[in-house]
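# A structural walkthrough
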Amino acid sequence: MSAIRKCLFPAAGYGTRFLPVTKAMPKEMLPIVNKPLIQYGVEEAARAGITDMAFVTGRGKRALEDHFDISYELEREIAGSERESLLAETRRLVRECHFSYTRQLEVRGLGHAILSGETLIGDKPFAVLLADDFCVTEDAGVLAQLAELYSEHNCSIVAVEEVPPAEISSYGIIDGEERSPGLYRVTDMVEKPDPADAPGNLAVIGRYVLTPDIFDILRRTPPGRNSEIQITDALKTQARKGRVLAWRFRGRRFDCGSIAGFMAANNFVWSNEA
Ligand code: G1P
């Protein structure tokens, strides 16, 4: 059984790049064909053996709670019809997982969002999944890959991928020593560096396994890039003690925080399903 039982889903952001569709709807509910991004995230966590799904939400995000609930009217409406199968996976998640919610009162960065989730997580290692990084894998999902590495190494682990120079300033970038193919011991991390100052081109994507000491570190971490509390800065503190690994994950990521990435993901899934 996996040591990672809980996954935190930071979901308080406004999704302004997608306005007007995100005016009254959470960006996490944007669909890849007919399934919302957040459900893909929860499915990936469940496939990694995780049973506790913890959401950090904000105002205007109630649709997330409704999605992972039973809608009795709808159930009655489709019972016995061929449409019932469309809800099977969602129902299974609702029955087999536990969902909890807290609100991030101010939007002060990903580090602050993760700290806001501390009461839902407690003092065990946990995963973090950013639903707008949509990942497709052939075998184990990205979180399952990280959970397996965690069971061997017992330290924080981030998923990384190589990005072109023009995209370096959009991500947390790591520096590290490759210990085995694809696995790095992280020596430095910088949030959204200028490409000229970046320690490399390995970008952190929205999949993390974190040890719970990260909460105390986050409490002591001053605002960084964009005056926000950055998880990258807190991880850098762990990395100085040699306690962070980076894994060049197997699979493909679509940046569904951008319209271009979101369209590409939809086209990819649609053409693979059709
Ligand atoms: C966040 C993190 C960044 C990471 C990225 C992955 O940035 O701060 O380090 O590389 O997620 O998607 P955001 O995209 O929220 O600005």
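Residues numbered from 1 in each chain as written. Predicted model: local features only at pLDDT ≥ 70, side-chain atom pairs only at ≥ 80, totals over all residues. Heavy atoms only, no water.

Okay, the site of the ligand next. Taken together, 13 residues surround the ligand, and among them Asp133, Gly172, Glu191, Lys192 and Val204 come closest. Glycine 172 places a polar main-chain atom, nitrogen or oxygen, 2.9 Å from an oxygen atom of the ligand. Take threonine 232: an N or O atom from its side chain is 3.3 Å from an oxygen atom of the ligand. Examining the composition of the shell around the ligand, we find that four residues originate from one element, strand β11 (residues 202–210), more than from any other. A per-class count over the shell around the ligand returns six nonpolar, four polar and three charged. (Near = heavy atom within 4 Å. Polar contact = N/O pair within 3.5 Å; in protein donor to acceptor, adjacent residues only side chain to side chain. Helix = DSSP H or I, 4+ residues; strand = E, 2+ residues; numbered from the N terminus. Nonpolar A, V, L, I, M, F, W, Y, C, P; charged D, E, K, R; others polar.)

Core analysis: the largest hydrophobic core is formed by 49 residues, its most contacted members being Phe9, Ile32, Ile50, Met53, Phe55, Phe134 and Leu143. No other element matches the seven residues that helix α7 (residues 142–153) contributes to this core. In this view, phenylalanine 9 contacts Ile38, Gly41, Val42, Ala45, Met53, Ala54, Phe55, Val56 and Leu129; residues no more than four positions away in its chain are not counted. Membership of the second largest hydrophobic core comes to 32 residues, among which are Val204, Leu210, Leu218 and Ile231. (Core = buried A, V, L, I, M, F, W, Y, C linked by side-chain atoms within 4.5 Å. Buried < 20%, exposed > 50% of the residue type's maximum accessible area, 1.4 Å probe, protein only. Contact = heavy atoms within 4.5 Å.)

The next thing to look at is the side chain of glutamate 28. Positionally, glutamate 28 belongs in the loop between β1 (6–10) and β2 (31–32). Judged by relative accessible area, which is 5%, glutamate 28 ranks as buried. At 2.8 Å, the side chain of glutamate 28 and the side chain of lysine 61 are in polar contact. Residues within four places of glutamate 28 in sequence aside, it is in contact with Pro10, Ala11, Ala12, Pro36, Leu37, Ile38, Lys61, Leu64 and Ala131.

So, on to the packing of aromatic side chains. Following the criterion strictly, the structure yields ten aromatic pairs and no others. A centroid spacing of 5.5 Å and a plane angle of 85° characterise the contact between phenylalanine 18 and phenylalanine 262, whose relative ring orientation is edge-to-face. Placement of phenylalanine 18 in the loop between β1 and β2 and of phenylalanine 262 in helix α10 (residues 259–273) is noted, with a sequence separation of 244 residues between them. According to the relative accessible area criterion, phenylalanine 18 is buried, its value standing at 7%. Judged by centre distance (4.8 Å) and plane angle (85°), the rings of tyrosine 40 and phenylalanine 134 are edge-to-face. Here tyrosine 40 is found in helix α1 (residues 37–47), whereas its partner phenylalanine 134 is found in strand β7 (residues 133–136), with 94 residues between them in sequence. A single burial state applies to tyrosine 40 and to phenylalanine 134, both of which are buried. Joined through ring pairs, the aromatic side chains of Phe9, Phe55, Phe68, Phe99 and Tyr101 make up one cluster. Over the face of the ring belonging to tyrosine 40 we find lysine 35, whose NZ or CZ atom lies 4.6 Å from the ring centre. (Phe/Tyr/Trp six-rings, centres within 6.5 Å; stacked < 30°, edge-to-face > 60°. Lys NZ or Arg CZ within 6 Å of the ring centre and 35° of its normal.)

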